[in-house]
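Observations on chain architecture
Each chain, letter by letter, is given below.
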Amino acid sequence: MTKPQLASFLRSNWSIVAGFVVLMTVAIDTGRIRRENHELLSLLTARSAVLWAADAVRDAARTLVSGDHSTTLLSPRSTGSLLVQLSYLCPYSQRNFEAWHRLAAEARAQGWQVVWITRDKLRQIPKDAARREIAGGLIADPTYATYVQLKLATVPQTVLVRKDGVVQSVYAGILDAESETNLRIELQGVSANRSSKRQ
């Protein structure tokens, strides 16, 4: 087709050409909107999968492995709560145990309450687990409300909660040396602030 023939075709069929341009513009915009919606949905899903700083935590119904019902997620007598959220069936949780035990000892020394929370059913918990983690209270077989509130679909999570129930920080996944150090600093920092307010 020569240039004069193309010009003649466009003049006589301008509505078809305009319709094609509009159709292509709509198709491109629809693709862009779908991509942006997918990205937003991914962000929302990721955001709701773990606890976040400034989220609020309420005390929740629980089943304690020890049979003792005195352990709570929040204690007014402590600086705050270190929540260790895990599953004994999760290999990533298994990799955190050494760091968690070190952090639990540090937390107790700084006046924090330590609460171990597993999403597992009682029958899924190893027999020696209760003996290892019971010092801080081991909550197992959570109610649906507790499961949703603490976002136990994602484990492991290491969570610091201030005594007013506001989440101070969350470390999801395997704790590396840097994360463990940051948690220690936070445990000591909040405890130091609490001590200075008393004086």
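This brings us to unusual backbone geometry. A cis geometry characterises the amide bond from V155 onward to P156, with omega recorded as 0 degrees. For P156, the position within the fold is in the loop between α5 (144-149) and β5 (157-162). Unusually for a residue other than glycine, K151 sits at a positive phi of about 55 degrees.

Within the fold, P76 resides in the loop between β1 (63-64) and β2 (80-86). With 89 residues separating them in the primary sequence, P76 and G165 have C-alpha atoms 9.8 Å apart.

Okay, a nonpolar patch on the surface next. Among the surface-exposed residues, M1, L6, F9 and L10 lie close enough to one another that they form a single nonpolar patch of about 410 Å² accessible area. Among the structural elements, L6 can be located in helix α1 (residues 3-12). The partly exposed category is assigned to L6, whose relative accessible area is 42%.

Right, let's get into the confidence of the model for the protein. Atom-level detail of predicted coordinates should not be read off regions where pLDDT is low. Scored by pLDDT, the protein comes out at a mean of 77, with 72% of its residues at no less than 70. Confidence drops under a pLDDT of 50 for residues 66-70, and excluding neighbours within four residues, the segment shows four contacts in the predicted structure. Below a pLDDT of 50 lies the segment residues 194-199, which in the model reaches five contacts outside its immediate sequence neighbourhood of four places, other chains included.

Definitions and cut-offs
Residues numbered from 1 in each chain as written. Predicted model: local features only at pLDDT ≥ 70, side-chain atom pairs only at ≥ 80, totals over all residues. Heavy atoms only, no water. Helix = DSSP H or I, 4+ residues; strand = E, 2+ residues; numbered from the N terminus. Patch = residues over 30% accessible without salt bridge, like charges linked within 9 Å, V, L, I, M, F, W, Y side chains within 5 Å. Areas by Shrake-Rupley, 256 points an atom, 1.4 Å probe, with all protein chains shown as cover. Salt bridge = Lys/Arg side-chain N within 4 Å of Asp/Glu carboxyl O. Buried < 20%, exposed > 50% of the residue type's maximum accessible area, 1.4 Å probe, protein only. pLDDT = per-residue confidence, 0-100. Contact = heavy atoms within 4.5 Å.

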